[in-house]
Every structure is written in C-alpha cells, then in structure tokens.
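For reference, the chains in residue letters:
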Amino acid sequence: MDKNRWIPVLLFVVCGLISGLVWYSQNPKTASFTLSTFNVSYILGPQDRDLSRETANFIAQLREYTSTLGGVYAISVYRLGEGVGYGLNESINMQAASFMKVPVLIKAFEDDLQKDYEDLFVAIGKYSDNDAPVTLANLVGRDKIESKLRQMGMKSSSFAENTTTARDVSMMWREVYKIPELWPYLEDSIFEDRIRPALPKDVTFIHKIANNDTMWADSGIVKSDRSFILVIMNKDVDFDEANEALQVIAKKVWDYEAERAKKLQSRQSSPTPESK
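The structure reproduced in this document is the subject of the present report.

Parameters and conventions
- Residues numbered from 1 in each chain as written.
- Predicted model: local features only at pLDDT ≥ 70, side-chain atom pairs only at ≥ 80, totals over all residues.
- Heavy atoms only, no water.
- Pairing = 2+ DSSP bridges.
- Helix = DSSP H or I, 4+ residues; strand = E, 2+ residues; numbered from the N terminus.
- Axes fitted to C-alpha atoms, helices over the stretch in contact; angles between N-to-C directions.
- Contact = heavy atoms within 4.5 Å.
- Salt bridge = Lys/Arg side-chain N within 4 Å of Asp/Glu carboxyl O.
- Buried < 20%, exposed > 50% of the residue type's maximum accessible area, 1.4 Å probe, protein only.
- Left-handed = near helix turned anticlockwise from the far one by under 90°.

With respect to topology, five strands assemble into an open sheet ordered β2-β1-β7-β6-β5, the strand pairing being antiparallel. A strand with exactly one partner marks an edge of an open sheet, and here the two such strands are β2 (84–88) and β5 (204–211). Each neighbouring strand pair of the sheet contributes to a mean axis angle of 10°, computed without reference to strand direction.

The subject of this paragraph is the side chain of Lys148. The topology assignment puts Lys148 in helix α6 (residues 142–151). Excluding residues within four positions of it along the chain, Lys148 makes contact with Ile106, Lys107, Glu110 and Glu175.

Now for the pattern of salt bridges. Within the structure shown, the criterion is met by 17 salt bridges. Residue Arg260 pairs with Glu82 through a salt bridge whose shortest N-O separation is 2.7 Å. Of this pair, Arg260 sits in helix α8 (residues 239–269) while Glu82 sits in the loop between β1 (72–79) and β2; the two residues are 178 residues apart in sequence, bridging distant segments of the chain. Judged by its relative accessible area of 13%, Arg260 is buried. In this structure Glu82 comes out as partly exposed when scored by relative accessible area, which is 42%. One salt bridge connects Asp193 with Arg194, and the closest N-O pair in it is separated by 3.8 Å. Accessibility expressed as a relative area gives 35% for Asp193, which makes it partly exposed. The buried category is assigned to Arg194, whose relative accessible area is 2%. Because the salt bridges share partners, they merge into one network encompassing Lys107, Glu110, Asp111, Lys148, Glu175 and Lys178.

The next thing to look at is the packing of helix α3 (residues 101–110) against helix α7 (residues 166–177). Packing of α3 against α7 leaves a shortest axis separation of 10 Å and a crossing angle of 35°. α3 and α7 meet at a crossing whose hand is left-handed. On α7, the residues that touch Val102, Pro103, Ile106 and Glu110 of α3 are Met172, Trp173, Glu175 and Val176.

Time to look at the pairing of β1. Here β1 lies mainly inside the structure; seven of its eight residues are buried. Relative to strand β7 (residues 228–235), β1 runs antiparallel, the two being bridged by eight bridges. Within β7, the position partnered with Arg79 by the bridge is Phe228. As paired elements, β1 and β2 share five bridges and run antiparallel to each other. Counterpart to Ser76 in the pairing with β2 is Gly87. Two successive antiparallel strands, β1 and β2, enclose a turn made up of four residues, where Gly83 displays a positive phi of approximately 75°.

Written out as structure tokens, the structure reads:
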C-alpha cells in the first residue's frame, strides 16, 4: 500500500483540529462543562451568562460563604436591563414549594381569570395560601400549567412533582416581569422577613417565598434603576441560619450590583482619547 495516499487525509484531520481550537478560543461562551461539585454556571453555556473575571470572583465569594452554612444553597442573579446573569448551583434540582404557585398565577392571568377570582390571586400572592392555587390549577388545567413551564423555558421543572432549579425560577420571574398587572399581588406580602430587609427601603421587591420541612427560600424581582432577578434556594437547612443567610447573600448581591453599576457609569462618562 502506498503510504503517501494517507497524507492528504492526515492533513485534513490536523487542519480540522486546528480550526476547532481556533473557533473554541473565540467562542468560550458556547463551552459547556461543570467545575467541581459546585456546578458554577458562569462557566456554562448560553449567551446570557456574565463570564467576566470580576463576576467570577464574586461567585467565588458566594461559594465560600455558603460553604460555611448547613445544607446546600443555589443562587441565581439575572440583570433585566442587560439580559445576562450568573449564579451558583443554578441547575441543582430542588423542591419548588410555594414558588410553583407563581406559574399558576401566570397561567390564570393568561386565561382571564383575574377579574372573577381576584380573591384567589390575593390569597396566593399576599398570604401564600395553599388552597387558592389548587382551585386555580383545577380551573386552568394542570397539563396547561406544565406546558406553560416549558414555554417559559423552565425545562428542569415539574408542576406535578413540585420540583425546579434556581435557573428555572429566574426564567419564571422573567415572565412575571412582562406582566405588570401581576406585580401588586406579589408586593408587600405578610412574608417580608427574608430578602426584603437586605434591600434599601425605596426599592420595590416583587417576590414569592417558599419553604417546607428543610427549605427556607425567597426569590423575586428587585425593581430599581438597575432591576435584577434574585433567586436564593436551599435544602437541608436550619431555618434560623437560613433566614440570616438569605439576608447576607441578598446584601452581598445588592452591593456587588451597585458597585458594578457605578463602575460602568464611570467608564461610560469618561472621555475617550478621540474626544479629548
């Protein structure tokens, strides 16, 4: 056999490998892999991730803090103005608890049930009532709620099994952000003792709490001049420790986002060499 006939084939393979490496170096956001056991999502996939070194360092701080706590924590932050986010353990599947009441509200609103059943909307949003979402879910159809989860991008969530991820809950709040009519039901509830104390008083917090025997969580839209979604979930936690932890994490996120916004504003207002 003529060995020279394989030279073009080898050249083709080598050129393909080189081209692949060049493409990968220019498109790091499309890479998808997991770092250690923490599933740090700022390294993962899609184009809506903040891959900056600054944010990576902040996530490391969150990871270090949560490692001192009992249980497992999942955090997701999404900047509504920029369309990018970051988080920690965002894809870990956890119990949704009362977070799953929000998709019920969304679907019931879409089916024009707000006017006739406003008392149920209030019961869910303000008091986290457990009977109201059952009634609304039966009215709209549980299969339609499952379909709505898929439509919102909550691909790792199940209404029937009451499970979700921090990333999916963030997707849920992106949908709520598009429906201002729902916001009043999700403000000033009787549960304002978790994330809310860590935020400035003049900031609006559109949110829903969730808890069960081992979970003490909160999530929602931090409405300000730089609005963002904040999701803090957990499992196997001590409630007293978790309540304090939610406030510590929320304060860290608020401070980081505020400082980052100041830096961006300073850079934008600084004159460029061409304008001098």
